[in-house]
Every structure is written in structure tokens, then in C-alpha cells.
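Now for the letters of each chain:
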Amino acid sequence: MILIGLHIVLLIGLLFCLYQDLKDRTIHLALFGVILVSTLALNYIIGNNWMNALYSSLFLGVNLLCLFIYVSIKQKKLVNIFNAHLGLGDVLFFLAIIPLFSLRNFILFFISGMLLSMLFHLILNKYQKHATIPLAGYLSLFLISIVLFSVLSSNYSVLKVDLI
């Protein structure tokens, strides 16, 4: 029963994240806290290895570092990527959901989520009033579908077990 309750809290947090990011391109800081607490609790109950969270955080850090280097080289000066290229909320979202995944599944989620976000944005771009991409919102939608699949299939370890 606790497991279902945590999934519901996570899904509600993700739905609010999706709504706020699509509507205003901002997400209230408290939502990251709700998502993080629910993912940490699910990680503990499901029994994910905490080292996965560390390795996934390192993977995210390497990606951010590569983005920083790429943008800085392209613009021929040091660039703060959070000013125009990536929202801080997007990084906080990634950090909040990391406990849900094994390293392989996080990498799979990261890559497929980026591709799906690009596809969503190309399709929905003409209907949106903002020019920026609501990455955390699109990834929330993707994660909602994964969590619902996990819960409805009664396989709570879908996020834990390596899909590859």
C-alpha cells in the first residue's frame, strides 16, 4: 500500500511539473522536493543500489560538462549554459528522478527522453507561445508513462531491472 501511495505522489508531482513547465516554463522548487522524496523512498523500498544514483549523477555531470565545453568553444568564450541553453529546473528534475533508475536505465531514459522531447517540440512548437523547450515537462510526461506501465503491469521493478 505504501508503494502505491508513493507512486501516486510521484505521478502527481510529475503531472504538476508537466503542467507548470508547459504553461510558464518554470517549475516551483517544492515540486522537485516532492519528486525527490518520493523517488528516494521508492529507491529504498524497491531496493535499488545507491551506487547507481552516484554513477547516474556522474553521467549527468559529464553531459553537462560536455555541453558547457561545446557551447564555450562554439561561442569562443566561457558561457554559463544555464543562462540561455539549459534551464536549472531541467537539471534539478534529472537529479530528482535519478534514484528511480539503474545506471543503464537512466542512460536509456536520458537518451530516449531527449529524442522524444525533440520530437514533441517539433510537433507542438507551432502551438506554443514560448520559444524555449519545456524539457522537464516533456520528460515528466515520458516518466509518467513509464511509471504507469510499471504500476499497471504490477512489475514495480521495471525501473530497477536493466532493460538492456
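Please refer to the structure higher up on the page.
Here is a short report on the structure shown in this document. (Residues numbered from 1 in each chain as written. Predicted model: local features only at pLDDT ≥ 70, side-chain atom pairs only at ≥ 80, totals over all residues. Heavy atoms only, no water.)

Details of the overall build of the protein chain
Going by this rule: Helix and strand labels come from DSSP, where a helix needs a run of H or I of at least four residues and a strand needs a run of E of at least two; each type is numbered from the N terminus. Our radius of gyration looks at C-alpha atoms and nothing else; its globule reference is 2.2 Å times the residue count to the power 0.38. Three labels apply to residues, based on accessible area from a 1.4 Å probe with only protein chains included: buried if under 20% of the type maximum, exposed if over 50%, partly exposed otherwise in between. In what follows, residue pairs with any heavy atoms lying within 4.5 Å of each other are defined as contacts. Exposure was quantified through the Shrake-Rupley algorithm and a 1.4 Å probe, taking into account, for residues, occlusion by the shown protein chains and nothing else. Positive charges come from Lys and Arg alone, negative charges from Asp and Glu alone, with His and the N- and C-terminal ends not counted. Each charge is placed at NZ for Lys, CZ for Arg, CG for Asp and CD for Glu.
Helix and strand counts for the protein chain stand at seven helices and zero strands. Shown N-terminal to C-terminal, the secondary structure of the protein chain runs as helices and strands in the order α-α-α-α-α-α-α. In terms of overall dimensions, the protein chain is globule-like: its C-alpha atoms have a radius of gyration of 16 Å, near the 15 Å expected for 164 residues. The dimensions of the protein chain, computed from C-alpha atoms along their principal axes, are 50 × 35 × 30 Å. When each of the 164 residues of the protein chain is scored for burial, the buried share is 40%. A separation of at least 24 residues holds for 71% of the contacts in the protein chain among residues at least 6 apart in sequence. Just so you have it, the protein chain exposes about 9,400 Å², and 73% of that area is on carbon and sulfur atoms. The averaged location of the 4 negative side-chain charges in the protein chain is 9 Å from the averaged location of its 9 positive side-chain charges.

Some remarks on unusual backbone geometry
Backbone geometry at arginine 25 places phi at a positive 65 degrees, although glycine is not the residue there. Examined against the element boundaries, arginine 25 turns out to sit in the loop between helix H1 (2–24) and helix H2 (29–46). Positive phi values are uncommon outside glycine, yet lysine 76 reaches one of about 60 degrees. Position of lysine 76 relative to the elements: it lies in the loop between helix H3 (50–75) and helix H4 (81–84). Taking relative accessible area as the criterion, lysine 76 reaches 77% and is therefore assigned exposed.

A word on the packing of aromatic side chains
Both the distance between ring centres and the angle between the ring planes are used here to describe each pair of aromatic rings. Note the cut-off: Each aromatic pair joins two rings of Phe, Tyr and Trp (for Trp, the six-membered one) with centres within 6.5 Å, and gets the label stacked for planes under 30 degrees apart, edge-to-face for over 60, and tilted for any other angle.
Following the criterion strictly, the structure yields ten aromatic pairs and no others. The interplanar angle of 40 degrees and the centroid separation of 5.1 Å between the aromatic rings of phenylalanine 94 and phenylalanine 110 together place this pair among those described as tilted. Separated by 16 residues along the polypeptide, phenylalanine 94 in helix H5 (residues 88–97) and phenylalanine 110 in helix H6 (residues 103–124) bring together distant segments of the chain. Phenylalanine 110 shares its class with phenylalanine 94; the two are buried.

Focus on the environment of isoleucine 107
Within the secondary structure, isoleucine 107 sits in helix H6. For the pair isoleucine 107 and leucine 60, spaced 47 residues apart in sequence, the C-alpha to C-alpha distance is 9.0 Å.

Coordinates in, geometry out; function isn't part of it.
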